Each structure stands twice: as C-alpha cells, then as structure tokens.
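An overview of the molecular structure
Read off the chains here:
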4 protein chains.
Amino acid sequence: MIERVRVAVVGVGNNTSALVQGIARHRRTGDPAGLRRPVIDGLGVGDVDIVAAFATSAEKVGRDLTEAIFLPPNNFPCLDGPIPSVGVPVTRGLVDASGVERVAAALAGAEVLLYSAPSGRPETARAYAEAALAARVAFVNTTSDPVARDTALLDRFTAAGLPLLGDDLASQFGTSVLHDALLRLLAERGLDLVSSYQVNLGGTEDFRNLVERPNTKHQSKLNALSAADKVQIAPLGYLSQLGSQKVAHLNIEAQGWAGTAVSLDVKLKVHDPSGAAGVNIDLVRLAASALRDGRGGHCAEATPLFKSPPGTPV
Amino acid sequence: MIERVRVAVVGVGNNTSALVQGIARHRRTGDPAGLRRPVIDGLGVGDVDIVAAFATSAEKVGRDLTEAIFLPPNNFPCLDGPIPSVGVPVTRGLVDASGVERVAAALAGAEVLLYSAPSGRPETARAYAEAALAARVAFVNTTSDPVARDTALLDRFTAAGLPLLGDDLASQFGTSVLHDALLRLLAERGLDLVSSYQVNLGGTEDFRNLVERPNTKHQSKLNALSAADKVQIAPLGYLSQLGSQKVAHLNIEAQGWAGTAVSLDVKLKVHDPSGAAGVNIDLVRLAASALRDGRGGHCAEATPLFKSPPGTPV
Amino acid sequence: MIERVRVAVVGVGNNTSALVQGIARHRRTGDPAGLRRPVIDGLGVGDVDIVAAFATSAEKVGRDLTEAIFLPPNNFPCLDGPIPSVGVPVTRGLVDASGVERVAAALAGAEVLLYSAPSGRPETARAYAEAALAARVAFVNTTSDPVARDTALLDRFTAAGLPLLGDDLASQFGTSVLHDALLRLLAERGLDLVSSYQVNLGGTEDFRNLVERPNTKHQSKLNALSAADKVQIAPLGYLSQLGSQKVAHLNIEAQGWAGTAVSLDVKLKVHDPSGAAGVNIDLVRLAASALRDGRGGHCAEATPLFKSPPGTPV
Amino acid sequence: MIERVRVAVVGVGNNTSALVQGIARHRRTGDPAGLRRPVIDGLGVGDVDIVAAFATSAEKVGRDLTEAIFLPPNNFPCLDGPIPSVGVPVTRGLVDASGVERVAAALAGAEVLLYSAPSGRPETARAYAEAALAARVAFVNTTSDPVARDTALLDRFTAAGLPLLGDDLASQFGTSVLHDALLRLLAERGLDLVSSYQVNLGGTEDFRNLVERPNTKHQSKLNALSAADKVQIAPLGYLSQLGSQKVAHLNIEAQGWAGTAVSLDVKLKVHDPSGAAGVNIDLVRLAASALRDGRGGHCAEATPLFKSPPGTPV
C-alpha cells in the first residue's frame, strides 16, 4: 500500500488554492484531465496530503486552509463549491531568519516543504530551506529567488540525503512555452523570422507585483526564447477584470520562399495558478520519492520543470 | 565545379511561378531567407535551371515560361518585376498517354521531371512518369495522385536506377503543420484536448478546385493531425480577394490542472505557392543528386517532404 | 394590474428553449442583463406566459414544454438547471393545411402565435397564420418564409384588427450587424474599403440545415452589408463541437490617408438562440400590445427587428 | 480659379512626413482613397502648399523639408520614393517666447500655422499662437496642450477675425474610435457589458514618449469611451519593430439574453501618422476657408475633429 505524501506549503495564494482544490477535485472525480504525469513512482495525485501551511497575512493565519485559499487578494475561482476541511489551520510564517526553529518544529511529520510564496524575498526563502534541513524535509523552491542555485546550500541538502528542487517553476503551459515552440517550428521549416512580439495581461496579485518590478521578469522571458534578438516583449499589463486568467497576444512575422510573408497571430488564455499547480503536483511527488530513496540534492527528473535549475546563472 | 541541375516542369501554375521567380530572385540577391536547405549535396538554389515546361492551356503553350507564369488564372504576385527570359517556351503537355514519346523526346537533356500539375488526373501523372522512364529522367510527383505509391512503377524506376519521389508534397509551412505542432505541444505538457477547429480560406484556382471536391482533401487534412477525433475542419472557403494567400483560423480548447480552461486562437497567413516552391527546390536537388549517384526509386531524405510517401495507403 | 401576455409558440427548438429558460430566469433573478427593452407598453419580460406549444417531432409531442426544450437535436445549454413545469404539453403541429381548425381551437386563450419553426416551409407558415386569423390571435413570423410580405394575407390581418409581424427575425447581435457597423464606421471616417471577408461557423441543427442550402442565406447576408461588392462570404461551416454557439471571423482591409493600410481582424462568439430569443421577447410584447389596442397588420416599431419586413422583396 | 492654401507647419515628425508625402501622392495620382472630405469649400487636397516648416532638431534645421521628413527618429515609410523638392528649408523653431517676432516674420505669406509638434510644451504652443496672431495667420493646435481652450487667447483670435482651431486632434481612425463604436453598438442592441480591455502597441518616437508619461494619455483614452467603468486599458507598449504602425488588441465580454455570453476579440493595425495627416488635411482647409471669410475664433465644423475642443475641461 502507498504511503501518502505529506506536504507543507509556504504561501496560501492562488497557486496553493489551485493545488488544494485540484487535489480535492481529483479525489472526488478521478478525472486525469490536465495531468502531465498521473502517477509518479507509484504516487497518484490523490495520494498528496497538505499537512501544514504557512502564511504572513493576518487574515489567513489561524483560518482553516480550505477557507483561507478563498480570501482576497486570492482570486482563483472556487471550482466546485466549498471543499471538505482537512483540519489544517494556516500557521504564521517567517518574515526573517528568527523563526526557523519554530517552523522546523511545525514541519514534524511532513516530507516535503513546497515554497510557493511570491518571488523577491531570497532571505525568507533560504530561512525556510534551513527549517527544512533542520526538520529533515525535502525542499521545493518555485520562486525565482536562488535557493537550489546556492551551491553551499545544495551541498548541505545533498550531504544530508535531502532533496532540494528549484529554482523558478516553469508553468505547465504559458506564453514562453508557446512562443518558443512556434519560433522553433518556423526555424525547423526553414522560415526566417522578421519580427515577433508578445503581450502578457493578467489580473492576479502576483501579476500586479510583477508589473511593478518588470525588468527581471522581462529579461527572464527573453532568455526563454530561442530567437531573442528579433522578439520584443511589451510591458506586462495588470487588468483586474481578468481575475486569475492570463491572456497573451503573440505576433510572428516571417519570410518564406522568395521572401514572401508568413504571419501568425495568436491569443492564448490560461489560468496562471493552474499552470503552477499542475507542475507543483509533480514536484512534490518527485521530492517525496527522492526523499524516500535517500537521493539528496537536485533531481534530474525535475530539471525541465524549472526555468533556473542548478547550474544556470543566478 | 558544380554541374547545374536541369529540370523540366509539368504545370505552369502558381507553384511554378513561385519557383521560377524565387530562383531568379535568389540568383540576383543571394538572400538565403526562407530556405530550409541552402545547399543539398553541393547544389545551391541558383544551380537549378528550368530547361523545359509543359502545360495544356492554349494561352500558355508557346509563350516564354517567364511570361506564361504571369497569365491568369495564375495570381501569385510578380515579386520583383519582370524576370530575364531563359529562352524556354512552354510546350504542349499530355492529356492522355498518347503523347508519351513526344514528351520523352522533349526531355532530352533534363535530369528531373517535376510534376506540378493539379491533383486529380492519375492517368496523366503516370503517363509523364512513363515519359521520364523512357527519357531516363528522375520523376518528382507533388500531387496526391498515386505515382510513387504505385509499387510496379516504383520497382521499374528502382530497377532503372532512376529516382521516383512522391506523393503529395507537404507544404513548407501550412495549416496542418501548425495545427499538429500545437496539438502535440499541448499533449506534451499534459493538457487534454476538448475541441479544436480549423478553417482554411484561399484565393487560387487550385483552391477553387479543391472546394469543388472537398472530401479527399478534408480527410487528408484530418489524417495529418494527431488527435483527429476532437478536431473538426470547416469546409474550404474560396475567396478570390485573397489571391495567392491562404488564411487559416484555428481554435483549440483544452483543459489543464483541475479541469481549468486553456484556449488558443490562431490566424495564419501564408502564400500557398511559396509553401510548395520552398519544398520543390529541395526535391529537385535531392532527385538530381540521387540520379547522379545512380540511386533509383524512392529516397529516404525526401520522405518527410511528402504527405503520402511510398508505403502509405493509396 | 398588468394582464399577462399569453403566447403560443410553433417550434420547440433551440430558440424556444432560450426563450422559455430566459423568461424563467428573469422571473427568478429580475436581472435585466441582455434586454433591449425591459418594459414595452407596461409589459415586462416576466409578464410573458407560454400557454401552448406546437411541434412535429414524435419525441417532443406530448412531453411537457419544460422537458421538451432539452431534447435533441436541441443543444442550447440548460442554463440554471431544470425549470418549473408550467403544465404546457407540446401539441402535435401542422404539416400541411389540413389541421388548421384543430390548431385554431388549441389557440383559445392565446393572444399571440409566435412562429419559430425552421425556415423553408412557406405553406406551413401560412397555414398557422390562417389558424391565427381564425382564432383572432396576433401572428409573429420569425422565418424567412414570406408571410407578412404576402399582401393579401397582411390585408386580411389588418382588416381583422389582428397584428401580423414579420418576416425573418434580425438577431439581437450577430455577424451581419457587427460587420455592417464596422464597414459603416470605416466609411464615415473616410477610409476606403479594399476587401473584406466573413466566415460563419455554428453547431446547431438549424445551422446544419443552412449549410445544405447555402445560397439563399448567403445572398441575404450580402444584402445586409453596405459595401457588398468588396465583401466575400465564405461557406457556412457546421462544426458540432460549437453546440449552440456561433463563431464568426471577420477581416477588413482598408486604405487611409496616402493609401496606407488599415486592417481589422475580429472574432465574434455568440449563442445564436439567445440572439433570436432576445428579439422574440420584444416581438410578442409588441404584438400583444397592438392586439389589445386593436392595431391590426404590421407594426412600425417591429420593422427594425426583421430583415424582410413588409415592402421588401419576397 | 482656386487660390492655393499656404500652410506653415511646426514640427517635422512622422505626421508632417505623412502630410507632405500624401499631398505629393495625391497630386501625382489624383487617388481620393482614404479622404474624408475630398473637397472643402472648393479646396482640394492638391491645393494645399506647405510654404514654411519649423523644427528644433539640429539635423533637420536647414535641410529641405522633403528630405528632413525622412530623418530619424522619423520612421513613417517613404511611400513612393523621393518626392520633388518644394524649396522649403526647415527653419529653426521656438523653444520659448523669445523668438516670436522672428517666427511671425517667417510666416509672411502663410494663411495657416499648423502646430504639429509633440504634446507637453504648452508655453511653446502659445508662443507660436502669438506669432500667428502677430502675422495675422490662422492657428491649428493638434496637441493636447490647451490653446483653443485658453479663453483669453481664443477671444483675441476671435476679435482679430483669425481662426483658432484645437485642441488635441482626434485621429481619423484609431483604437478609441473603434472601441467606442463597438461598445455603443452593443449597448444599442441591448447587450450588457461585462468587461473590456484595450492594449495599444506602437513603434514611433511619439509613442515612446507617451509610454514614459502614460497617465495623461491613459485617462484621456478612458474619457473617450462610453462605458469607462468596465473598461481597462493596459499600459502602452513601445515596440520598435512596429515602426510607424500601431497595433491594438481589444476584447469585449458582454451578456445577451438570459445572461448568455457574447465575446468579441479585435486586432487593429494602422499607421498612426496617417491617422493624423488625414485629419490635418481637413483642418488646414477649414482654417483657410474661415480665414478667407473673416470667421475668427473656433469653427463648429472642426469640433468633431478634436478630442478637446473649446468648452471641454483643460
């Protein structure tokens, strides 16, 4: 019989809402739609239990996780109505390194700590990683803050036989994946790229935060593309009306035989938090499986699930 | 020094116009834009000479090839103004098997016969193949009529050391390629297809002919897609205003994590004849190279350039 | 106090499903969303009662109207779950003129007969009109069959003080309205139309029927446009995956100052039956109001709601 | 015989390039394409002569106007090759009020001063207006700086019998016009707006400047729309690859009968400078006609050509 995966999560935002609701939905319906890997080393989606959750928002701390995921600014939709409580109250999270021991204690019984807070607080990310080390729990970093790329830290996880997976989760399906696939397809067919642009619009709090510090993300998006010199990326647009949906408009102008024009216009609409949860469900199972096997440090199978795995520049 | 490739072409339609103009343009500019393979076995684009052309239209027969390509119903644009005459008058083509000897005689000096007439006349296609055999010339069949899939015929070409490449040219970049790439990408990322449609609009005479016998093409388009059961293809629409351009509208509705919606809308605009010419320029060089090496029959390198290569059902 | 409008309906297809469900929804929610005229001569949407329904399908006859609207081939969605029965069983309808008296008897107590069957059966339409005359009931013809344009019939309704409204309902919002508005806007701003196309895709049984006799509809769509000579309409595409939705793709290419290009691409997605029901709810109230006032014949206020009102060519 | 209109222009940017090239093209071809009003009070497009031009860029001052319009950062395309010189060298323009007399002297012989510099320098705009007053020349302000809305200034032009037309030119065809027309159409048909967004992308220097001070323009765009509360406007995106083209993506989500969804997606592509020049050609003729008739101050016919005519808030 399969031992269920016990996951603690940091951050009770839209991505956690999508994860929690999706697991509940999968248990209810068994529907494998939208799953990249229904089973990983014997572990199904329904075998994942969220056993602890950390957040800093005063409104969320103390509330049951299954209620807290619907509090603003979260706006991922309530998919199938209220979900059954799992008896996990949201615990007050870290803001600096001072509470590491408290968090480590709260991790007792967990196998994986999924770090799913907003990017941009590397000290906090590393403090949680320390707590995971202390509690002998695998760590998954979905943010762009360098954790798995911190060589000293990675070495300590490896030596301790604890998995450390990161950094910067690559969404299951998003603008970069699509844009790059189209540019590669054109190149494969011998077409020459003339110009291309990408506009991203979103309505989540995470998106609003990105709009305010666009440069990092902008560069990271360009890095993700194979023909970056001809591609321009418009500033992110925060539009509250989109809720948890993301809309992207892509244009590609190319040349075929005899210089004749080929043009492509694409509109993509996705739920951003689903794109994260659909990868997180794989990452926590990969981490648990590695932990159980005593495989510490990074895990090769996880590499394609991150934009900045160990070895890429910080 | 490279010996130039001497090609005879059957059909003086848009595809031949694109081929002739593109070669002239390449000689003038050297611009490699839009070429899948600039050089094949030492043969560049500018090394291809059209040395004979066959057509049945009374207006075209007897005219210089470089003029005939601009006569109606051809509507591929005149790209860079008039092109220098190569002194090749259009020869009266076959309508049945009665003129095979005359055509074989006219092929003297050619290495490759590129059969680029409209699909739907298998007897004519095979008559030209007989002429090629008689004249010891390689044969390339771009139509969906079964020629390379005619096992007896293929065996005779093989035995004679003459290349026979076909059937049904796969455009360099068109709706099927794009639609299939998108469907595959979604599947790779674990998304589940809900529904998808494809609408094709075009303004060439070839397109108008297809509209009148849509069933074959319709099925062939579905065969080209990996998830055919959820994909629907709208009837082809002939719109003269599009000229030699083809426009496709694609929609894909899928499900990601927790059944949330992912949707994609795409508009593609290409010049259909360029998509054919960009492949024909590779096929004639592959055929010439095989002929010179004494490699008869089909040529593995050509397989991906056809929708129905030998071995696929007739 | 308002006397409620008693309507009998011919045809229990998608349009009737949308009408019945929309009235029930409006009564429950009071939501005025999507209403062109919330109140007409004192009559609200919730004041309309369907008191009789005629159909020819063996599966529908005898079933309660509130169940029959969900039977195939109807595919308008069930909006808010099952709706309360109004105790109206579907009555066997006419197939020729032989049952006029039976229908007239069944109309007792109705004020308006809404003829909402498929177009293409003018004899049947006129037989129902005879039944309405006999029962002293107003008649609304939403089909393109000439009824209100039948001068003799219109004169008889006028003389009898009975309203006769028709022909060919103009959808509340559809491709023609949108395309024409855009073409007019360009003309107003001094832009010159170069070319324009329209593709319509749909998934209802009505749509499938239109695909099989496209010519009439095609011409009627062109008539609806102000710059018909430069506009081309692609063949209708029946795609079952669309259900009761209609999708249109429009393209407009124009010239502005100094001949520079202006281009517009539009995708429109609507529920076809909602476009009909949103107009039918106004037509039955206009007809009831005219009947109560003794205003027989056509009604000027209804003219803009039809594509072919009295006076336009048959 | 018509007396030609003698226009002096301030600003030698893309809009002036489009104006100068368009007039030359019209003289050559007589093509009325893209003209809102081919003739205004007897004055045709070819009757407009540019007799003076002012700029501040060191590269442009002293160059012939017909060369200066092609200098960077101008990127409006060269439409039909070089145009015949009209012997008008670019004159050094004002940066403050100190050169008013010099400019007034340079206006001798002109009838209209077209102020087509970038917005955002109200003092400079008013200095040119003073020069126009001194030289007894009509003034047209295409910028959003308040000139015609300066009541004292307008009174002085009126008293002097000199036309003063402004402020803030409304493009012949742009995003606001299109978006507003669509929103109005939906409202007319009784649909309820749920949400709508607009994204504007452009590649001119003017556009880049707007990106850097987005707030004003953003609000002005919202003011131009009839249903501003449900409409969100994404930040402007400067994409150099677009050159003088502007691309807008619009989305409209609405509700029809029974709350069913109606959705519209639009891509618009225009040359921004053409949208300005197509209005400027009307404004200078209206101004000349009013001047010749002795009608001073604002001109009612010009009101719809401005976003902020006299009487609207500064």
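All residue numbers refer to positions counted from 1 along the written sequence of the respective chain. Following the order in which they are written, the chains are lettered starting with A and the ligands numbered starting with 1. Per-residue local features are limited, in this predicted model, to residues with pLDDT of at least 70; the limit for side-chain atom pairs, both in listing and counting, is 80 or more; totals at the level of whole chains, interfaces and linings are taken over all residues. Heavy atoms throughout the structure, all of them, feed into the side-chain values; hydrogens and water do not.

1. Notes on the relation of the copies chain C and chain D
Using the following cut-off: All copies are superposed by least squares; the fitting set is the C-alpha atoms of residues with a pLDDT of at least 70 in both. Whether two residues are in contact is decided by their heavy atoms: any pair within 4.5 Å suffices.
Superposing chain C onto chain D takes a rotation of 180 degrees combined with a translation of 0.0 Å along the rotation axis, leaving an RMSD of 0.1 Å. Such values leave the two copies arranged in the relation of a two-fold axis. Among all C-alpha atoms of chain C, that of Val 266 of chain C lies closest to the rotation axis, at 2.2 Å. A symmetric contact is evident, with 100% of the interface residues of chain C recurring at the interface of chain D.

2. So, the domain arrangement of chain A
All names here are of chain A. This is how it is decided: All domain edges in this entry derive from an automatic or database-based domain assignment. Two parts placed together each lose some accessible area; with a 1.4 Å probe, that loss summed over both constitutes the buried area.
Along its sequence, chain A is carved into domain 1 (5-170 + 274-305) and domain 2 (175-271). If you average the C-alpha positions of domain 1 and of domain 2, the two centres end up 29 Å apart. Taken together, the contact between domain 1 and domain 2 spans nine residues of the former and eight residues of the latter. Counting the surface lost from both domain 1 and domain 2, the interface buries some 660 Å², and carbon and sulfur atoms represent 45% of this.

3. Overview of unusual backbone geometry
Leave glycine aside and you will find that most residues have negative phi; peptide bonds, for their part, are mostly trans. What counts here: Strands here mean DSSP runs of E at least two residues long; helices mean DSSP runs of H or I at least four residues long; both are numbered from the N terminus.
Omega for the peptide link from Pro 72 of chain A to Pro 73 of chain A comes to 5 degrees, which places this bond in the cis form. Relative to the helices and strands, Pro 73 of chain A resides in the loop between α2 (65-68) and β5 (90-92). At the junction of Gly 166 of chain A and Asp 167 of chain A, the peptide bond is cis and its omega measures out at -5 degrees in the coordinates. Turning to its location among the elements, Asp 167 of chain A is positioned in the loop between β8 (164-165) and α6 (175-188). Even without a glycine there, the phi angle at Ala 258 of chain B is positive, about 60 degrees. One can find Ala 258 of chain B in the loop between β12 (245-255) and β13 (261-271).

4. Quick notes on the interface of chain C and chain D
Convention followed: Salt bridges are counted wherever a side-chain nitrogen of Lys or Arg sits within 4 Å of a carboxyl oxygen of Asp or Glu. We call two N or O atoms a polar contact when they sit within 3.5 Å, provided that within protein one can donate a hydrogen and the other can accept it, with sequence-adjacent residues counted only if both atoms are side-chain atoms. Gly is put with the polar residues, along with every residue not named as nonpolar or charged; the nonpolar set is Ala, Val, Leu, Ile, Met, Phe, Trp, Tyr, Cys and Pro, and the charged set is Asp, Glu, Lys and Arg.
The partner chain D presents 49 residues to the 49 residues of chain C that form the contact. Interface area for chain C against chain D, summed over the two sides, is near 3,800 Å², with a carbon-plus-sulfur share of 63%. Interface area lost by chain C to chain D is led by Phe 173, Arg 189 and Trp 257 of chain C, which between them contribute 24%. Between chain C and chain D we count zero salt bridges in total. Inspection of the chain C/chain D interface yields 18 residue pairs in polar contact (both at pLDDT 80 or more). Tallying contributions element by element places strand β13 (residues 261-271) of chain C first for the side of chain C that touches chain D, with 11 residues. Here the side of chain C that touches chain D is composed, by residue class, of 28 nonpolar, 13 polar and eight charged.

5. Thoughts on the packing of aromatic side chains
All names here are of chain A. So the rule is basically this: Between the rings of Phe, Tyr and Trp (Trp by its six-membered ring), a pair exists once the centres lie within 6.5 Å; its type follows the angle of the planes, with under 30 degrees stacked, over 60 edge-to-face, and the other angles tilted. Type-normalised accessible area, obtained with a 1.4 Å probe on protein chains alone, sets the label of each residue: buried when under 20%, exposed when over 50%, and partly exposed for intermediate values.
Following the criterion strictly, the structure yields 14 aromatic pairs over all chains and no others. Consider the rings of Tyr 115 and Phe 139, whose centres lie 6.0 Å apart with planes at 25 degrees: the pair is stacked. Taken together, the residues span a long stretch of sequence, with Tyr 115 in strand β6 (residues 112-115) and Phe 139 in strand β7 (residues 138-141) at a distance of 24 residues. When sorted by exposure, Tyr 115 lands in the same class as Phe 139, which is buried.

6. Re the side chain of Thr 260 of chain D
Looking at the secondary structure, you find Thr 260 of chain D in the loop between β12 (245-255) and β13 (261-271). On the accessibility criterion, Thr 260 of chain D (6% relative accessible area) is buried. Polar side-chain contacts of Thr 260 of chain D include one of 2.8 Å to the backbone oxygen of Trp 257 of chain D. Not counting the four nearest positions on each side in its chain, Thr 260 of chain D is found in contact with Phe 76, Leu 79, His 271 and Ser 274 of chain C together with Ala 254 and Gln 255 of chain D.

7. A few points about the side chain of Arg 189 of chain D
Defined as follows: Charged-residue counts in this description rest on Lys and Arg as positive and Asp and Glu as negative, His and the chain ends being excluded.
Counting through the fold element by element, Arg 189 of chain D comes out in the loop between α6 (175-188) and β9 (192-202). Despite its burial, Arg 189 of chain D remains without a salt bridge, the nearest opposite charge being carried by Glu 188 of chain D at 6.1 Å. At a separation of 2.8 Å, a polar atom in the side chain of Arg 189 of chain D contacts the main-chain carbonyl oxygen of Ser 171 of chain C. Among all residues touching Arg 189 of chain D, those that are not within four sequence positions of it are Arg 36, Ala 170, Ser 171, Gln 172, Phe 173 and Val 177 of chain C.

8. What to know about the interface of chain B and chain A
When the parts of a complex come together, some accessible area is lost, and that lost area is often taken as the interface size. Contacts between the two partners involve 49 residues from chain B, matched on the other side by 49 residues from chain A. Buried area between chain B and chain A, both sides added, is near 3,800 Å², and the carbon and sulfur share of it is 63%. Inspection of the region where chain B meets chain A yields 18 residue pairs in polar contact (both at pLDDT 80 or more). Going through the elements one at a time, α1 (14-29), α6 (175-188), β13 and α9 (272-293) of chain B are the ones with two or more residues in the side of chain B that touches chain A. Considering only residue class, the side of chain B that touches chain A consists of 28 nonpolar, 13 polar and eight charged.

9. Observations regarding the sheet that holds β7 of chain A
Residue and element names in this part refer to chain A. Test applied: We treat two strands as partners when DSSP finds at least two bridges between them. Note on definitions: angles span 0 to 180 degrees between N-to-C directions of axes, and those axes are lines fitted to C-alpha atoms, for helices only across the stretch in contact.
The strand order across the open sheet formed by six strands is β5-β4-β1-β6-β7-β8, and the pairing between neighbours is parallel. Across the chains shown, the open sheet's two edge strands, defined by having one partner strand only, are β5 and β8. In this structure, strand β4 (residues 48-55) lies alongside β5, joined through three bridges in parallel fashion. From the neighbouring strand, Ala 53 faces β5, where its bridge partner is Val 90. Of the strands in this sheet, β1 (5-10), β4, β6 and β7 touch helix α4 (residues 122-135), which is tilted by about 175 degrees from β6.

10. Things to note about the sheet that holds strand β6 (residues 112-115) of chain C
Residues and elements named next belong to chain C. Here six strands make up an open sheet; going across it, the order is β5-β4-β1-β6-β7-β8 and the pairing parallel. One side of each edge strand has no neighbouring strand; the edge strands of this open sheet are β5 (90-92) and β8 (164-165). Bridging between strand β1 (residues 5-10) and strand β4 (residues 48-55) involves six bridges; their strand directions are parallel. When the bridges of β4 are listed, Val 9 appears paired with Ala 53. Contacts from helix α4 (residues 122-135) reach β1, β4, β6 and β7 (138-141), with the element oriented near 175 degrees to β6.

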